[in-house]
Amino acid sequence: MEKVSNNSFQLSVKQEEPTLVPPAEETEKVLYFLSNLDQNSAFTVRTIYGFKSDSKGNKDAEKVIKDALSKVLVHYYPLAGRLTINSEGKLIVDCTGEGAVFVEAKADCTIEEIGDTTKPDPITLRKLVYDIPGAKNIIEMPLLVAQVTKFKCGGFVLGLCMNHFMFDGIAAMDFVNSWGETARGLPLKVPPFLDRSILKARNPPQIEFQHQEFAQIEDISEISSKFDKEEILNGSFSFDPEKLELLKKKATEDGILDKCTTFEALTAFVWRARTQALGMKPDQQTRLLCVVDGRSRFEPSIPKGYSGNAVVLTNSICSARELLENPLSFAVGLVQKAVNMITNSYMRSAIDYFEITRARISLAGTLLVTTWSRLSFQTTDFGWGDPIFYGPVALSEKEFSMFLSHGKERKSIIVLLGLPASAMKIFEELMQI
């Protein structure tokens with residue numbers, strides 16, 4: 001079910017015909033390997049970046065960004081290719097050099113009228129990112145789609161649709177920041193490291209752990225039925241530094257845990273609240289999946305500028321009864337164990353697990369938390385200064401929750417998630433601390 005807009009504002013955008021932007025120079029025409037961490041990230045991510053400079057206006061915005069895209073694709077040439085499937089049934093990039101899709105557009109209002117982008121309104125924000133008509137699956141979609149929408153006030157928005165199997169969040173920000181550096185005539189601070197074979201499966205593969213992230217959970221609480229039948233509301237909940245400190249204090253006040261991080265306390269708090277709001281039965285198994293950056297945890301560590309997925313999923317499973325009848329410290333302890341599980345051995349085992357089983361992540365009974373709070377959105381500069389706003393257009397899946405940094409010195413965190421209307425009412429009450 002489409003996420004529902006809670007905003008009465010109707011954005012009108014006129015899109016021109018899309019064009020292809022190939023690399024500015026001849027690039028390698030090869031079949032480009034995608035690792036098993038890439039294979040399990042086959043969904044699209046849409047983001048927007050808003051810019052406004054009173055001194056510069058937006059007259060040349062589309063030309064500057066389009067020209068810079070052509071130049072930066074020389075370094076990131078796989079993005080100009082197309083997805084295909086190899087003889088093993090795995091995704092692979094055919095580096096054809098066809099190019100990224102680029103669209104110019106105009107809006108009938110000022111950029112400020114979009115409203116608060118920290119509360120994503122997919123119906124409005126999707127108009128700022130071009131959708132490929134008729135594309136039925138990721139194979140039929142280009143690897144990168146860019147739309148520049150100019151507003152009456154002189155501001156503009158860059159809307160991007162990228163396939164997650166090409167980049168995780170850190171690699172995506174490296175690419176966008178490199179694109180911005182190119183637009184400003186600067187050399188790349190972080191040139192891409194394109195060789196993904198450093199994360200290929202071992203020969204022979206060795207599965208050393210259980211990998212409950214792939215386990216199938218029975219939906220005895222009929223949660224999926226609620227999502228299908230009810231109106232889905234997007235929630236945006238802000239936690240300032242004081243609230244976050246209070247949460248950490250609550251997590252350790254019973255003396256079971258000596259300390260915990262902000263991420264651990266907030267993740268446990270959201271997991272418990274969502275479980276309660278959805279009315280899970282006591283015996284319902286509930287799973288938490290957390291996206292963890294493995295760059296520094298691999299041995300040897302992943303090279304700077306690695307241009308692919310180096311994030312892995314860690315997990316914790318318990319019954320709804322255990323999660324809700326125990327104090328917050330119990331849930332925080334589960335999160336801590338899950339995060340500490342991520343070692344080189346575990347990550348290599350996960351890569352090998354997919355090699356043998358080709359298992360896909362199951363999301364029944366699951367909350368998947370991904371944190372964008374450490375991503376460098378705020379430094380993206382195409383020559384118009386830092387963005388005045390940035391962030392996701394929508395959550396990729398109904399089971400996802402996203403943490404974004406916000407506010408002064410980016411010390412506050414905004415929690416985004418979607419829930420059926422009946423559950424959202426309860427969840428909102430549970431967010432009061």
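All figures in this text were calculated on a predicted structure; none of them were measured in a lab.

**So, helix α10 (residues 344–357)**
Between the first and last C-alpha of α10 there are 20 Å, a value that for 14 residues agrees with the 20 Å anticipated at 1.5 Å per step. With ten of its 14 residues buried, α10 lies for the most part within the structure. Taken residue by residue, α10 has Asn344, Tyr346, Met347, Arg348, Ser349, Ala350, Ile351, Asp352, Tyr353 and Phe354 as its buried positions. At its buried positions, α10 is contacted by α1 (36–39) and β12 (311–319). With its phi angle positive at about 55 degrees, Arg358 sits one or two positions after the end of α10.

**Here we look at the packing of helix α7 (residues 262–277) against helix α11 (residues 421–430)**
Put simply, α7 and α11 touch, their axes get as near as 8 Å, and they point 140 degrees apart. Looking at the two axes, α7 sits oblique to α11. In this structure, α7 meets α11 at a crossing whose hand is right-handed. Here α7 contributes Phe269, Val270, Ala273, Arg274, Gln276 and Ala277 to the contact with α11, which in turn contributes Ala423, Ile426, Phe427 and Leu430.

**Remarks on the pattern of salt bridges**
Scanning all chains against the criterion turns up 18 salt bridges. Between Lys52 and Glu112 there is a salt bridge, with its nearest N and O atoms 2.9 Å apart. Of this pair, Lys52 sits in the loop between β4 (44–51) and α2 (61–75) while Glu112 sits in the loop between β7 (100–107) and α3 (122–125); the two residues are 60 residues apart in sequence, bridging distant segments of the chain. According to the relative accessible area criterion, Lys52 is partly exposed, its value standing at 24%. We note a salt bridge from Lys398 to Glu399, for which the minimum N-O separation is 3.1 Å. Through salt bridges with shared partners, a single ionic network connects Asp168, Asp293 and Arg295.

**As for unusual backbone geometry**
In this model, Asn203 is joined to Pro204 through a cis peptide bond whose omega is 0 degrees. Its identity is not glycine, yet Arg358 carries a phi of approximately 55 degrees, on the positive side. By the secondary structure assignment, Arg358 is in the loop between α10 and β13 (366–371). Residue class for Arg358 comes out partly exposed when judged on its relative accessible area of 32%.

**Concerning the confidence of the model for the protein**
Model confidence for the protein is summarised by a mean pLDDT of 94, while 98% of its residues fall at 70 or above. Note that pLDDT drops below 50 for residues 1–7; the model gives that stretch 22 contacts with residues more than four away or on any other chain.

**Examining the sheet that holds strand β3 (residues 31–32)**
Sheet architecture is open: three strands sit in the order β3-β6-β5, paired in antiparallel fashion. Each having just a single partner strand, β3 and β5 (82–85) make up the two edges of the open sheet. As paired strands, β3 and strand β6 (residues 91–94) are joined by two bridges and run antiparallel to one another. The residue bridging Leu31 from the neighbouring strand is Asp94, located in β6.

**A closer look at empty space enclosed by the protein**
Across all of its chains, the model carries one cavity of 30 Å³ or more by this definition. One number sums up the size of the largest cavity: a volume of about 40 Å³. As for the largest cavity, its lining consists of Tyr32, Tyr76, Pro78, Leu79, Met166, Phe167, Leu194, Arg196 and Ser307. By residue class, the composition of the lining of the largest cavity is seven nonpolar, one polar and one charged.

**Here we look at the sheet that holds strand β15 (residues 400–406)**
Spatial ordering of the open sheet is given by β10-β16-β15-β13-β11-β12, a layout of six strands whose pairing is mixed. On the outer flanks of this sheet lie β10 (232–239) and β12, each paired with one strand and no other. Strand-to-strand twist in this sheet, taken as the mean axis angle between neighbours without regard to direction, amounts to 20 degrees. Across the face of the sheet, α11 comes into contact with β10 and β16 (412–420) while running at roughly 150 degrees to β16.

**Topic: helix α6 (residues 241–252)**
With twelve residues, α6 should cover 16 Å at 1.5 Å per step; its first-to-last C-alpha distance of 17 Å lies within 8% of that length. Looking at α6, one finds that the buried residues are Leu244, Leu247 and Ala251. Buried residues in α6, looked at end-on, bunch into an arc of 55 degrees, giving them a common side. α6 presents Glu242 and Lys249 as exposed residues on the side facing more than 90 degrees away from its buried surface. For α6, the secondary structure elements touched by its buried residues are β10, α7, α9 (328–340) and β16.

Cut-offs applied
Residues numbered from 1 in each chain as written. Predicted model: local features only at pLDDT ≥ 70, side-chain atom pairs only at ≥ 80, totals over all residues. Heavy atoms only, no water. Helix = DSSP H or I, 4+ residues; strand = E, 2+ residues; numbered from the N terminus. Expected span 1.5 Å × (residues − 1). Buried < 20%, exposed > 50% of the residue type's maximum accessible area, 1.4 Å probe, protein only. Contact = heavy atoms within 4.5 Å. Axes fitted to C-alpha atoms, helices over the stretch in contact; angles between N-to-C directions. Parallel < 35°, antiparallel > 145°, perpendicular 65-115°, else oblique. Left-handed = near helix turned anticlockwise from the far one by under 90°. Salt bridge = Lys/Arg side-chain N within 4 Å of Asp/Glu carboxyl O. pLDDT = per-residue confidence, 0-100. Pairing = 2+ DSSP bridges. 1 Å grid on protein atoms, 1.4 Å probe; cavity = no way out; pocket = protein on both sides within 12 Å on 5 of 7 lines; lining within 4 Å. Points joined across faces, edges and corners; volume = space filled by probe spheres on them. Nonpolar A, V, L, I, M, F, W, Y, C, P; charged D, E, K, R; others polar. Arc of directions from axis to C-beta.

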